[in-house]
Amino acid sequence: VLIVVILVIVKYVSGPAQGQVSNNLAPLPSTTATYNLKPISVIGSYINFNYPTSLVVIAADNSSNSNLESYLYKYTDTPETWLLSIDVYKLSQPSLNYDSSYAIRKLNPTLYKESTVVIGSKTFYVMTDSSTSGFSKVAFILNGNTSADISLQGSDIAGLSNLQATFNMVLNSFQWKR
């Protein structure tokens with residue numbers, strides 16, 4: 001009797017599972033319908049710009065002596081996260097070559113592709129990270145011996161159009177105050 005009980009248990013445990021198969025898979029989450037591009041204006045000490053309502057403000061680190069102004073924003077929609085960072089630096093010379101973030105990218109042209117974006121009288125030097133499958137761009141702009149670094153990084157299962165629209169919004173609205 002004990003052997004029969006053990007055989008029944010082994011057959012039950014090692015046999016095929018019983019259940020129901022359904023083709024009604026839940027769709028992947030998408031940021032397209034929920035992402036809000038309505039602009040919020042920022043008026044800083046050195047710069048003004050707009051960013052989309054969907055981004056959340058994160059406290060930025062202004063502890064560097066050369067960092068004059070800093071902004072950090074985040075957008076999270078499972079499974080993706082975006083980070084928008086805008087920093088204003090005082091440079092020792094009026095050249096982007098003295099902005100270490102720009103200089104390190106300039107020294108690595110196989111990894112970072114440089115392009116120029118002109119909006120009105122403003123010229124942005126945009127470095128795109130070619131090693132990522134998502135969106136990774138940093139725009140640099142100079143005003144005398146002050147530079148602004150505008151970085152947006154992230155990925156989105158719905159595509160990169162909202163990331164590009166966010167980047168465009170910041171660049172199109174960007175203004176120096178001094």
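Residues numbered from 1 in each chain as written. Predicted model: local features only at pLDDT ≥ 70, side-chain atom pairs only at ≥ 80, totals over all residues. Heavy atoms only, no water.

Asker: Outline the sheet that holds strand β2 (residues 47-52), listing residues and values.
Answerer: Ordered in space as β1-β2-β10, the three strands form an open sheet in which the pairing is antiparallel. At either end of the open sheet lies a strand with only one pairing partner, and these are β1 (39-43) and β10 (175-176). Where β1 lies against β2, five bridges are found, and the strand directions are antiparallel. By the bridge assignment for β2, I40 is matched with Y51. Running at roughly 155 degrees to β2, helix α3 (residues 161-173) makes contact with β1, β2 and β10 of the sheet. (Pairing = 2+ DSSP bridges. Helix = DSSP H or I, 4+ residues; strand = E, 2+ residues; numbered from the N terminus. Contact = heavy atoms within 4.5 Å. Axes fitted to C-alpha atoms, helices over the stretch in contact; angles between N-to-C directions.)

Asker: Lay out the pairing of β2 in plain terms, naming residues and giving numbers.
Answerer: Judged by how many residues are buried, β2 sits mostly within the fold: six of six residues are covered. With antiparallel pairing between neighbouring strands as the criterion, β1 and β2 make up a hairpin whose turn holds three residues. (Buried < 20%, exposed > 50% of the residue type's maximum accessible area, 1.4 Å probe, protein only.)

Asker: So what's going on with the pattern of salt bridges? Which residues, and what values?
Answerer: When the charged atoms of two side chains lie near each other, side chains of opposite charge can form a pair. Under the definition given, this model contains one salt bridge. Between E114 and K106 there is a salt bridge, with its nearest N and O atoms 2.5 Å apart. Taking the relative accessible area as the measure of exposure, E114 reaches 33% and is therefore partly exposed. Classification of K106 as partly exposed rests on a relative accessible area of 41%. (Salt bridge = Lys/Arg side-chain N within 4 Å of Asp/Glu carboxyl O.)

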